[in-house]
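# Fold and contact review
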Amino acid sequence: MADAYPSVAGVAAAASAFARFHPGLCTLRQVGKSREGRPLHLLSAGRGRRNVLVVAAPHSDERIGPATALRLAERVAVDPDLHARADASWHFLLCLDPDGTVRSEEGPAVRRTPASHFRHSYRPPPDEQPEWAPSVRPAGDQLPESQALFDVIDELRPFLQCSLHGNDLGGSWIQLTRDIPGLAEPLGKLSAERDVPVQTGTYDALYWTVSGPGVYVMPEPGRPMQFPSLPEDVTRSTWVRPHRYGGMTALFEVPMWASRRVADTAPHPDPGRALAALAGLLRRQSERTRALLDDVGALLPAGAGSCGPYEPGLGPWPETLLRLATGLVDICPQVADDWEALHPAPVPLTLAHVTALDIAARRISLRATGTLLRLLDGLPGEGPARTRAECERLLLRWADELAVGHDLAWVPVPEQVELQSECVLAAFRLLAAG
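The paragraphs below set out a description of the structure included in this document. This is a predicted model, so every value here is computed, not measured. (Residues numbered from 1 in each chain as written. Predicted model: local features only at pLDDT ≥ 70, side-chain atom pairs only at ≥ 80, totals over all residues. Heavy atoms only, no water.)

## Some details on the packing of helix H8 (residues 271-299) against helix H11 (residues 382-405)
Under the convention used in this document: Note on method: axes are straight lines fitted to C-alpha atoms, helices fitted across the in-contact stretch only, with angles between N-to-C directions ranging 0 to 180 degrees. Numbering goes from the N terminus for both helices and strands, where a helix is a DSSP run of H or I of at least four residues and a strand is a run of E of at least two. Should an angle lie under 35 degrees it is considered roughly parallel, over 145 roughly antiparallel, and from 65 to 115 roughly perpendicular; all remaining angles are considered oblique. Each crossing gets its hand from how the near helix is turned against the far one by less than a right angle, where anticlockwise is left-handed and clockwise is right-handed. Note on definitions: a residue-residue contact is assigned when non-hydrogen atoms from the two residues lie within 4.5 Å. When residues are grouped by polarity, Ala, Val, Leu, Ile, Met, Phe, Trp, Tyr, Cys and Pro land in nonpolar, Asp, Glu, Lys and Arg in charged, and all others, Gly among them, in polar.
It is at 10 Å that the axes of H8 and H11 come closest, and there the two elements cross at 155 degrees. The orientation of H8 relative to H11 falls into the category roughly antiparallel. Between H8 and H11 lies a crossing of left-handed hand. Facing H8, whose interface residues are Gln285, Arg288, Thr289, Leu292, Asp295, Val296 and Leu299, H11 presents Gly383, Pro384, Thr387, Glu390, Cys391, Leu394 and Trp398. Residues of the contact of H8 with H11, tallied by class, amount to seven nonpolar, four polar and three charged.

## Regarding the side chain of Glu145
What counts is decided by this rule: With a 1.4 Å probe rolled over the protein chains alone, any residue whose accessible area is under 20% of its type maximum counts as buried; one over 50% counts as exposed, and the rest are partly exposed. We define a polar contact as two N or O atoms separated by no more than 3.5 Å, with the added condition that, inside protein, one atom must be a possible hydrogen donor and the other a possible acceptor, whereas residues neighbouring each other in sequence contribute only through side-chain atom pairs.
As for its position among the elements, Glu145 is in helix H6 (residues 144-156). A relative accessible area of 0% means that Glu145 is categorised as buried. At 3.1 Å, the side chain of Glu145 and the side chain of Arg35 are in polar contact.

## Considering the sheet that holds strand S11 (residues 257-258)
For the record, the criterion: DSSP-based pairing: two strands are paired if at least 2 bridges between them are found.
Sheet architecture is open: three strands sit in the order S6-S11-S12, paired in mixed fashion. The open sheet has two edge strands with one neighbour each: strand S6 (169-170) and strand S12 (409-410). Note that S11 and S12 share two bridges and pair antiparallel. Bridging across to S12, Ala258 finds its partner in Ala409.

## A closer look at the pattern of salt bridges
Stated formally: Here, a salt bridge means any Lys or Arg side-chain nitrogen found within 4 Å of an Asp or Glu carboxyl oxygen.
Overall, the coordinates contain 37 salt bridges when judged by the stated rule. Between Glu36 and Arg38 there is a salt bridge, with the nearest N and O atoms lying 3.1 Å from each other. Accessibility expressed as a relative area gives 21% for Arg38, which makes it partly exposed. Salt-bridge contacts for Lys189 lead to Glu193; the nearest nitrogen and oxygen are separated by 2.6 Å. In this pair, Lys189 and Glu193 both sit in helix H7 (residues 184-193), four residues apart, roughly one turn of the helix. Since its relative accessible area comes to 52%, Lys189 is described here as exposed. Salt bridges sharing partners connect three or more residues here, namely Arg35, Asp97, Asp127, Glu128, Glu145 and Arg323.

## A few points about the environment of Tyr5
Note on placement: Tyr5 falls in the segment before helix H1 (8-21). Through-space distance from the C-alpha of Tyr5 to that of Arg111 is 8.5 Å; in sequence the pair is 106 residues apart. Among all residues touching Tyr5, those that are not within four sequence positions of it are Arg63, Ile64, Ala109, Met256, Trp410, Val413 and Gln416. Only 2.9 Å separates the side chain of Tyr5 from the side chain of Gln416, close enough to count as a polar contact.

If you want it as structure tokens, here you go:
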């Protein structure tokens, strides 16, 4: 396998060939369409009564999932212990957000630098992310991708839904809507075999219950689940839909770049000071990106911020990019307030926790700057060229600070795939045997 993420089209073609090669065991069908009309493909393997649903590419800038889904299909097809003898069927939704993922394919096809990643990857606003959108949109206004996933869950009633994520910087970890006792052991072993750190402190799951190193379980109702600045509501997302049928969801995170500091469980010597410094960093970078956002807005053609629906294949329209950049800039002061409110923290803050918060803080501004550069692409004239150069300079500087400050090491795509797929299988075996 090449050290590069496969394309949306390439995954669909490979799945079609795979299903033809395994007649009687595997099928491929369309279960919906994206907003731009791209098909949503479901590859199924096995004839058992217990269903496992694997959802790839829930976030369009996390591109490891489709490759992992294909690898899992290969493993299932050749191992009756995973289907016939387990009375199980596996179903792989190959790409939940094909429109966004296609846009993240822009730029180098092979290994990227962190700067190139944030320059070319695309992550839509929360209300346009199919996995999260149901929690922030009105009930009667669902994305077609979200509705397609709901429909598949309602049809299959999976006892396990696996959501395949890929964090850009950090380590491996798993989030569970219900506990799978013992899962931390294979996560640690599988990660160590591939020299990937287990992330013992995360921005995403700071408030979640720790089941074991790197395994986080959704808190009981009534307890906080995330920072106040985040708009999403886990209890209304696609994660909890399998609960209607007695099932659960597991989210599997593997990094593009690994940082060993996310595994350091030593208590932080001065968390209050560190959090204050992070809040200051967020506010300074927010001021800089807000000034650039104003400059970019003034350079765009009249009406660019109020465009109607875009045509398929023409890329993100300026209205969405402006809304995305504005949202990223606006959230920085809110996140800074969250950081300062963490002292005293609801959990003892370790060096891993503060490292994860530092990565999250720097990532917001990098995403904002990358989005501004997308808005500037193709604009002629001296003004856009000058603003583009300033955005490029900041992106490179901030990405270098992130890479050097966290001693990042690239995890080859084949290693990401093997780690994620083996963790999914470990969760399945533990849950199926329970």
